[in-house]
Amino acid sequence: MKITKLAINHLRMPLVSPFETSFGRAEERESLLIEAFSEGMSGFGECVADRDPGYAYETSGTAWHILQEFIAPLVFGVDFSSPQDFPDLVSPIRGHPMAKAGLEMALWDLAGKLGDVSVQSMVGGKQETVPVGVSVGLQACPEELVDVVEEYLADGYQRIKIKIKPERDVGDTGAVRRAYPDILLQVDANSAYNLGTAQSLLPLDDMDVLVIEQPLAEDDLWDHRTLLSSFRTPLCLDESIVSLRHARQALEMDACRIVNIKAGRVGGLTNGIKIHDLCRSKGIPVWCGGMLETGVGRAANLALASLPGFKLPGDISASSRYYQQDITNESFTLNPDSTITVPQCPGLGVTIDRRALDQYSVKKVILTAEDYSN
């Protein structure tokens, strides 16, 4: 599989409703859609880097730069036997896992289409459906949060994750737990605390919370290890796990009990599979996080989350959770048992709505080997 052309679209898409976390509030989402061409077909990948460097240092702007100036020149002329060849190819480029993951996803989609096989089959996934939950952003007050949770429960979501930050943690969680004593509930801090302020979260131990996700900074593996001993509730790492090496170190130092795997955060599906395999070998449950993906990234997440080590519902959600109009012709819907069906068609199993793609594209570039011949 030799790549003959790449197209990169910079997307800006309005969200159904604002989404607020400890690091900011978003009313629209930026991302990059990468299209890779070979043998008369094309595959699509989504780079999940957003406009602002809140969740991670990468942005849609830095990813555009890295893809165009550094990753694309390495790809042209290479005969890929598998998308799993890609991580080694781009390993000389330090960091930038989201940029790398976007193009790698396109290679998985393209390879699946050329081989007439689904990405799910290629990665070894088995489940026909994947349990999912919904991530609920910060609201104006606890009462409003409870109202929003009620709406999602009415939609059929059986697991609720709420965003927290200092002074919007125990009170918000308690309000939801009192209103709904029996639901599956977890919280996500997105690195909003330090080792001292995180002690304020101790009352969560009495609220039957499934997981406290990423309370401390992304580079605080050791402090997470220290904090873990203070809680009965399992701590989960998200932003801290940016590679297989970081996952191994976190498990070796007992810094978490659960790992959130986002293919975009760890450099792609290949690395996501390796982290899944490592955690499974150590008896550590994993689950699939979300980055407000379009149908392209959502399809890839479902394929990954169908692997056997994914034990908790993912933050994948239905398409309508985030977008009134997606860029894929297919919409993902919630099944009555709070699952979403994994696509079975070749590649990622989704097709692009070209009119929607043009509508939401703010910039586009076409790249060929000739662009780098000098």
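Just so you know, these numbers come straight off a predicted model, no measurement behind them. (Residues numbered from 1 in each chain as written. Predicted model: local features only at pLDDT ≥ 70, side-chain atom pairs only at ≥ 80, totals over all residues. Heavy atoms only, no water.)

**Considering unusual backbone geometry**
With phi around 45°, asparagine 190 is a residue other than glycine that occupies positive phi space. Relative to the helices and strands, asparagine 190 is located in the loop between β7 (184-188) and β8 (212-213). Of the residues examined, asparagine 190 reaches a relative accessible area of 6% and is grouped as buried. At leucine 292, a residue that is not glycine, the phi angle is positive and equals roughly 60°. With respect to the helices and strands, the residue leucine 292 is situated in the loop between β11 (286-288) and α11 (295-305). (Helix = DSSP H or I, 4+ residues; strand = E, 2+ residues; numbered from the N terminus. Buried < 20%, exposed > 50% of the residue type's maximum accessible area, 1.4 Å probe, protein only.)

**Some words on the environment of glycine 125**
Position of glycine 125 among the secondary structure elements: in the loop between α4 (119-123) and β4 (129-131). As for glycine 125 and leucine 244, which are separated by 119 residues in sequence, their C-alpha atoms are 19 Å apart. Ignoring sequence-local partners within four residues, the contact set of glycine 125 consists of Gln120, Ala303, Ser306 and Leu307. (Contact = heavy atoms within 4.5 Å.)

**Remarks on helix α1 (residues 60-75)**
Considering bend angle alone, the principal kink of α1 is centred on leucine 67 and spans about 45°. Within the span of α1, buried status applies to Ser60, Ala63, Trp64, Ile66, Leu67, Gln68, Ile71, Ala72 and Val75. Here the buried face of α1 lies against β1 (5-21), β2 (24-38), β3 (41-47), α2 (86-89), α3 (97-115) and β13 (361-367). (Bend = angle between axes of the 7 residues up to and from the residue.)

**So, the packing of helix α8 (residues 244-252) against helix α10 (residues 269-281)**
Any two packed helices are characterised by how steeply their axes cross, that is the angle between the axes, and by the distance between the axes. It is the contact of α8 with α10, at a shortest axis distance of 9 Å, that shows an interaxial angle of 15°. The orientation of α8 relative to α10 falls into the category roughly parallel. Note that α8 runs across α10; the crossing there is right-handed. Between α8, through Leu244, Ala247, Arg248 and Leu251, and α10, the contact on the second element is made entirely by Lys274, Ile275, Leu278 and Cys279. Grouping the constituent residues of the contact of α8 with α10 by class yields 6 nonpolar, no polar and 2 charged. (Axes fitted to C-alpha atoms, helices over the stretch in contact; angles between N-to-C directions. Parallel < 35°, antiparallel > 145°, perpendicular 65-115°, else oblique. Left-handed = near helix turned anticlockwise from the far one by under 90°. Nonpolar A, V, L, I, M, F, W, Y, C, P; charged D, E, K, R; others polar.)

**Section: the layout of surface pockets**
Taken as a whole, the largest pocket holds about 790 Å³ of empty space. Lining the largest pocket are 33 residues, and of these Gly95, Pro97, Val242, Ser243 and Val266 sit closest to its centre. Those elements that place two or more of their residues in the lining of the largest pocket are α2, α3, α8, α9 (263-266) and α10. Its residues assigned to classes, the lining of the largest pocket comprises 14 nonpolar, 9 polar and 10 charged. Put simply, the second largest pocket is a space of about 600 Å³. In terms of lining, the second largest pocket is formed by 33 residues, of which the most central are Phe23, Ala26, Asp50, Tyr55 and Leu292. (1 Å grid on protein atoms, 1.4 Å probe; cavity = no way out; pocket = protein on both sides within 12 Å on 5 of 7 lines; lining within 4 Å. Points joined across faces, edges and corners; volume = space filled by probe spheres on them.)

**A short note on the pattern of salt bridges**
Side-chain pairs of opposite charge can arise where the charged atoms are in close proximity. Under the criterion given, the structure shown has 19 salt bridges. Residue glutamate 213 pairs with lysine 161 through a salt bridge whose shortest N-O separation is 3.1 Å. Placement of the pair is glutamate 213 in strand β8 and lysine 161 in strand β6 (residues 159-163), with a sequence separation of 52 residues. When its relative accessible area of 0% is taken as the criterion, glutamate 213 is described as buried. Residue classification places lysine 161 among the buried residues on the basis of a relative accessible area of 3%. The partner of arginine 232 in a salt bridge is aspartate 206, and the shortest N-O contact between them spans 3.0 Å. On the criterion of sequence distance, the pair formed by arginine 232 in the loop between α7 (221-228) and β9 (235-237) and aspartate 206 in the loop between β7 and β8 is long-range, its members being 26 residues apart. (Salt bridge = Lys/Arg side-chain N within 4 Å of Asp/Glu carboxyl O.)

**Description of the state of the cysteines**
If you walk through the whole model with that rule in mind, you get 0 disulfides. Cysteine 256 provides the cysteine sulfur closest to cysteine 279, a residue in no disulfide bond, and the two sulfurs are 7.0 Å apart. Here cysteine 279 falls in the buried class, since its relative accessible area comes to 0%. Not part of a disulfide, cysteine 288 finds its nearest cysteine sulfur in cysteine 236, a span of 12 Å. The exposure class assigned to cysteine 288 is buried, which follows from its relative accessible area of 1%. (Disulfide = S-S within 2.5 Å.)

**Observations regarding the sheet that holds β8**
The 7 strands lie next to each other as β5-β6-β7-β8-β9-β10-β11, forming an open sheet whose pairing is parallel. Looking at the sheet topology across the chains shown, the edges are occupied by β5 (134-136) and β11. As judged from the 3 bridges shared by strand β10 (residues 258-261) and β11, these two strands associate in the parallel manner. Bridging across to β11, isoleucine 261 finds its partner in cysteine 288. Strand contacts of α10: β10 and β11, with the helix running at about 165° to β10, the strand carrying the most contacts. (Pairing = 2+ DSSP bridges.)

**Remarks on the nonpolar core**
Soluble globular proteins: nonpolar side chains tend toward being buried together. Residues Ile160, Val259 and Val296 are the most contacted members of the largest nonpolar core, which totals 88 residues. If you tally residues by element for this core, the top one is α11, at 7 residues. Beyond its immediate stretch of four places on either side in the chain, valine 296 contacts Leu33, Phe44, Gly45, Glu46, Met105, Ile327, Thr328, Leu348, Val350 and Ile352. Membership of the second largest hydrophobic core comes to 33 residues, among which are Met1, Ile34, Ala72 and Ile93. (Core = buried A, V, L, I, M, F, W, Y, C linked by side-chain atoms within 4.5 Å.)

**A closer look at the pairing of β2**
Walk down a regular strand and you will see the side chains alternate between the two sheet faces. In terms of residue burial, β2 counts as a mostly covered element, since 11 of its 15 residues are buried. Sheet analysis places β1 next to β2, joined by 13 bridges and oriented antiparallel. Within the sheet, the bridge partner assigned to leucine 11 lies in β2 and is serine 31. Where β1 folds back onto β2 in an antiparallel hairpin, the turn is made up of 2 residues. The sheet contact formed by β2 and β3 spans 7 bridges and is antiparallel. Bridge pairing in β3 places leucine 32 opposite cysteine 47. Linking two consecutive strands that pair antiparallel, namely β2 and β3, is a turn of 2 residues; a positive phi of about 55° is found at glutamate 39 within it.

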